[in-house]
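Listed here are the chains, written in short residue letters.
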Amino acid sequence: MRPEDLTKNGHEKFIHYADGASLSEINNTVDVPDNAGFWKTLAAYSGPGALVAVGYMDPGNWVTSIAGGASYKYALLSVILISSLIAMLLQAMAARVGMVTGKDLAQLTRDQTSKAGGFFLWIITELAIMATDIAEIIGSGIALMLLFHIPLVAGIFITAFDVFLLLLLMRLGFRKIEAIVATLVGVILVVFLYQVILAKPDIGSMFAGFVPHTNIVTDKGMLYLSLGIVGATVMPHNLYLHSSIAQARKYDRNDPKKLRKALKFTVIDSNIQLTIAFVVNCLLLILGAALFFGHASSLGRFEDLFYALQNKDIAGSIASPVLSMLFALALLASGQNSTITGTLSGQIVMEGFIHMKMPMWARRLITRLLSVIPVLIFAIIYQDNEAKIEELLTLSQVFLSIALPFAMFPLTVFSSSEKIMGEFKNKAWVKYTAWAVSIILTGLNIYLILGVIGVVPSIG
């Protein structure tokens, strides 16, 4: 820490200048073995992938996946598969950029822009993080309401205090945070796997759903829902997050051989965790198809799904209050997981774009309070009407869409540059695939924005 970052009494200033390693609290702090076997080495590198994968199964994606199954049965499983492959590509690129350069994506982007440009990019990314936070607040608040019958406004207030949970976790160390997040991801996976097994889906039709069908393009409603799944898959803050936390492992960064080994295991970890996220999203869609196909008009919100799981007219013989409680528990776990990763992402972009640092608890509290305001306004105006509050989920995707190109295109440029990456630059097929994916995803997100504001027709 620099002398100017201290007060006259020698204490750290509340806000001070940051111009060093990304997330210095955890950077280069996790030991990894030098000559261990494959599985022991993989275990040492496992963790960052779980933090990243959380963004692919946050509350904002739940209703879309289940509604996709309820509306079109298994047909959109192919869209989830394609989206997951795209996520694996971009997240591997983000991790490699961070580990090879020693800088996260925000720092690298700031190096190529002016001070004003960095401030603009920071604002855009902060709005995206707040948009994600809104989904977490709504999901967690509704989960508390369903589990404990807490009024929605009160539940929203309670979510603001998860900052104390984060403080506790930071004291435990980064490795413990990774383990807790991975455990919560496991809870979500087990809950929905159990529910899908009980639902007894049509296995043949399910696997056929992974093959893309022309109806996805020709059916307007199916196309728009597909664009929603693909377009919202890659959230910009996740790319910044992975480029930073991938640097947490401690190894000789000047040794190309050890760096290559670290890159290999980091990408394996990322792909394993994103595969779990892929499975969770598939389970959500399969659950929607197996239980709710034919009831789509009466479903679509968290509360609807909660009560549908105990309604024998919809869920059949497996309907049970236990299934409903498990659904709400998984929803709460998803919201808390996203809380942790959103806070880390916020610190990364603040340090990277505007070189400013503040205590993580303060950073979290400010972001959460700002995000709570629009949710509370909706909750008060519409008197706890969940349907109206969940409309914010759709609106929040607009900010994610706007911010996405500002993360994807720099990532593609940096990871393909020999000057920046040296021998570790993207291979030709990766480079051109990344450019195609970046252009297509940006186009899809623009289309979604136009749909939200009514320029193009949307489903429903």
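As a reminder, the structure under discussion sits directly above these lines.
Residues numbered from 1 in each chain as written. Predicted model: local features only at pLDDT ≥ 70, side-chain atom pairs only at ≥ 80, totals over all residues. Heavy atoms only, no water.

Below, the discussion takes up the packing of aromatic side chains. For any pair of aromatic rings, the description rests on two quantities: the centre-to-centre distance and the angle between the ring planes. One pass over the structure, following the stated rule, counts 11 aromatic pairs. The interplanar angle of 80 degrees and the centroid separation of 5.8 Å between the aromatic rings of Phe 120 and Phe 406 together place this pair among those described as edge-to-face. Separated by 286 residues along the polypeptide, Phe 120 in helix α6 (residues 115-148) and Phe 406 in helix α19 (residues 386-416) bring together distant segments of the chain. On the basis of relative accessibility, which here comes to 44%, the residue Phe 120 falls in the partly exposed class. Ring centres of Phe 192 and Phe 327 lie 6.2 Å apart, and the angle between their planes is 85 degrees; this geometry places the pair in the edge-to-face category. In this pair, Phe 192 sits in helix α9 (residues 174-199) while Phe 327 sits in helix α17 (residues 321-354), placing the two residues 135 residues apart along the sequence. Comparing Phe 192 with Phe 327, the two get one shared label, buried. Three or more aromatic residues link up through ring pairs in this structure, and these residues are Phe 38, Trp 39, Tyr 45 and Phe 265. (Phe/Tyr/Trp six-rings, centres within 6.5 Å; stacked < 30°, edge-to-face > 60°. Helix = DSSP H or I, 4+ residues; strand = E, 2+ residues; numbered from the N terminus. Buried < 20%, exposed > 50% of the residue type's maximum accessible area, 1.4 Å probe, protein only.)

Let us look at the pattern of salt bridges. Counted by the stated rule, this structure contains five salt bridges. Two residues, Asp 111 and Lys 103, come together in a salt bridge whose shortest N-O distance is 2.8 Å. Look at Lys 103 and you get partly exposed, because its relative accessible area is 34%. Lys 425 is the salt-bridge partner of Glu 418, the closest N and O atoms lying 3.5 Å from each other. (Salt bridge = Lys/Arg side-chain N within 4 Å of Asp/Glu carboxyl O.)

Turning to helix α1 (residues 38-45), a few remarks are in order. Those residues of α1 not exposed but buried are Thr 41, Leu 42, Ala 44 and Tyr 45. Each buried residue of α1 sits inside an arc of 160 degrees when the element is viewed along its axis, so together they form one side. Exposed side of α1, more than 90 degrees from the buried face: Trp 39 and Lys 40 are the residues found there. (Arc of directions from axis to C-beta.)

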